[in-house]
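# Structural characterization, general
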Amino acid sequence: MGSNFKENLRSELDYQDITIKELSAMTNIPYRSIENYLSARASIPPADYAVQIARALKTTVEDLILGKSKNNIQKEENNLKKSARLFSKLSEADQLVFIRLMEGILKK
């Protein structure tokens with residue numbers, strides 16, 4: 001992740017494939033406010049908005065402000081590698097079932 005709130009938020013939105021409009025709907029924070037946090041003259045949101053954004057993105061305010069620590073990144077990479085390894089062991093039919101299950105979970 002980047003080294004400031006704007007870069008870290010943009011990175012997290014890109015990583016999770018979430019649009020500003022979707023984040024606005026998830027947090028009830030006005031679209032324009034989120035857009036301002038990502039603009040060239042970016043501002044850091046008030047604490048209550050920062051908490052709402054972090055919760056919606058399933059991360060921490062600290063990670064959004066300071067960037068993810070190397071330890072957190074390493075854990076994520078290990079989890080992704082393990083998930084990919086386990087997924088590759090499934091039959092093609094089970095892979096499709098798993099994908100549909102994950103899509104269903106994410107639509108909550």
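Residues numbered from 1 in each chain as written. Predicted model: local features only at pLDDT ≥ 70, side-chain atom pairs only at ≥ 80, totals over all residues. Heavy atoms only, no water.

### Let's talk about the packing of helix α2 (residues 20–27) against helix α3 (residues 31–38)
- Between α2 and α3, the shortest axis-to-axis distance is 9 Å and the interhelical angle comes to 125°. Between α2 and α3, the interaxial angle falls into the category oblique. Note on packing geometry: the crossing formed by α2 with α3 is right-handed. Contact residues: α2 offers Ile 20, Lys 21, Leu 23, Ser 24 and Thr 27, while α3 offers Tyr 31, Ile 34, Glu 35 and Leu 38.
- A class-by-class count of the residues in the contact of α2 with α3 yields five nonpolar, two polar and two charged. (Axes fitted to C-alpha atoms, helices over the stretch in contact; angles between N-to-C directions. Helix = DSSP H or I, 4+ residues; strand = E, 2+ residues; numbered from the N terminus. Parallel < 35°, antiparallel > 145°, perpendicular 65-115°, else oblique. Left-handed = near helix turned anticlockwise from the far one by under 90°. Contact = heavy atoms within 4.5 Å. Nonpolar A, V, L, I, M, F, W, Y, C, P; charged D, E, K, R; others polar.)

### With respect to the nonpolar core
- By size, the foremost hydrophobic cluster in this structure holds 15 residues, and its most contacted members are Leu 9, Leu 13, Leu 23, Ile 53, Leu 57 and Leu 64.
- Counting only elements with at least two residues in this core, the list comes to α1 (5–16), α2, α3 and α4 (47–56).
- Aside from chain neighbours lying at most four places away, what touches Leu 9 is Leu 23, Tyr 37, Leu 38, Ile 53, Leu 57 and Leu 64. (Core = buried A, V, L, I, M, F, W, Y, C linked by side-chain atoms within 4.5 Å. Buried < 20%, exposed > 50% of the residue type's maximum accessible area, 1.4 Å probe, protein only.)

### With respect to the side chain of Thr 27
- Relative to the assigned elements, Thr 27 resides in helix α2.
- There is a polar contact of 3.2 Å between the side chain of Thr 27 and the backbone nitrogen of Ile 29.
- When near neighbours in sequence (up to four residues on either side) are disregarded, Thr 27 contacts Ile 34, Gln 52, Ile 53 and Ala 56. (Polar contact = N/O pair within 3.5 Å; in protein donor to acceptor, adjacent residues only side chain to side chain.)

### Remarks on the packing of aromatic side chains
- Per the counting criterion, the structure on display carries two aromatic pairs.
- Measuring from centroid to centroid gives 6.4 Å for Phe 5 and Tyr 37, while their planes differ by 90°, and the two rings are edge-to-face. Of the two residues, Phe 5 is situated in helix α1 and Tyr 37 in helix α3; the sequence distance between them amounts to 32 residues. Both residues of the pair, Phe 5 and Tyr 37, belong to the buried class.
- Taking 5.8 Å as the distance between ring centres and 55° as the angle between the ring planes, the aromatic pair formed by Phe 87 and Phe 98 counts as tilted. Highlighted residues: Phe 87 in helix α6 (residues 70–88) and Phe 98 in helix α7 (residues 92–106), separated in sequence by eleven residues. (Phe/Tyr/Trp six-rings, centres within 6.5 Å; stacked < 30°, edge-to-face > 60°.)

### Considering a nonpolar patch on the surface
- A grouping of Leu 90, Leu 96, Phe 98, Ile 99, Leu 101, Met 102 and Ile 105 is seen on the molecular surface, where their side chains present a nonpolar patch of about 560 Å² in accessible area.
- Secondary-structure assignment places Leu 101 in helix α7. (Patch = residues over 30% accessible without salt bridge, like charges linked within 9 Å, V, L, I, M, F, W, Y side chains within 5 Å. Areas by Shrake-Rupley, 256 points an atom, 1.4 Å probe, with all protein chains shown as cover. Salt bridge = Lys/Arg side-chain N within 4 Å of Asp/Glu carboxyl O.)

### Comments concerning the pattern of salt bridges
- This structure, assessed with the given rule, holds two salt bridges.
- Ionic pairing is found between Asp 14 and Arg 10, a salt bridge with its closest N-O pair at 3.3 Å. Of the two residues, Asp 14 and Arg 10 are both situated in helix α1; the distance of four residues between them amounts to about one turn of the helix.
- Residue Arg 10 is classed as partly exposed on the basis of its relative accessible area of 32%.
- Between Arg 32 and Glu 35 there is a salt bridge; the shortest N-O distance is 2.6 Å. You can see Arg 32 and its partner Glu 35 sitting in helix α3, three residues apart, about one turn around the helix.
- Residue Glu 35 is classed as partly exposed on the basis of its relative accessible area of 26%.

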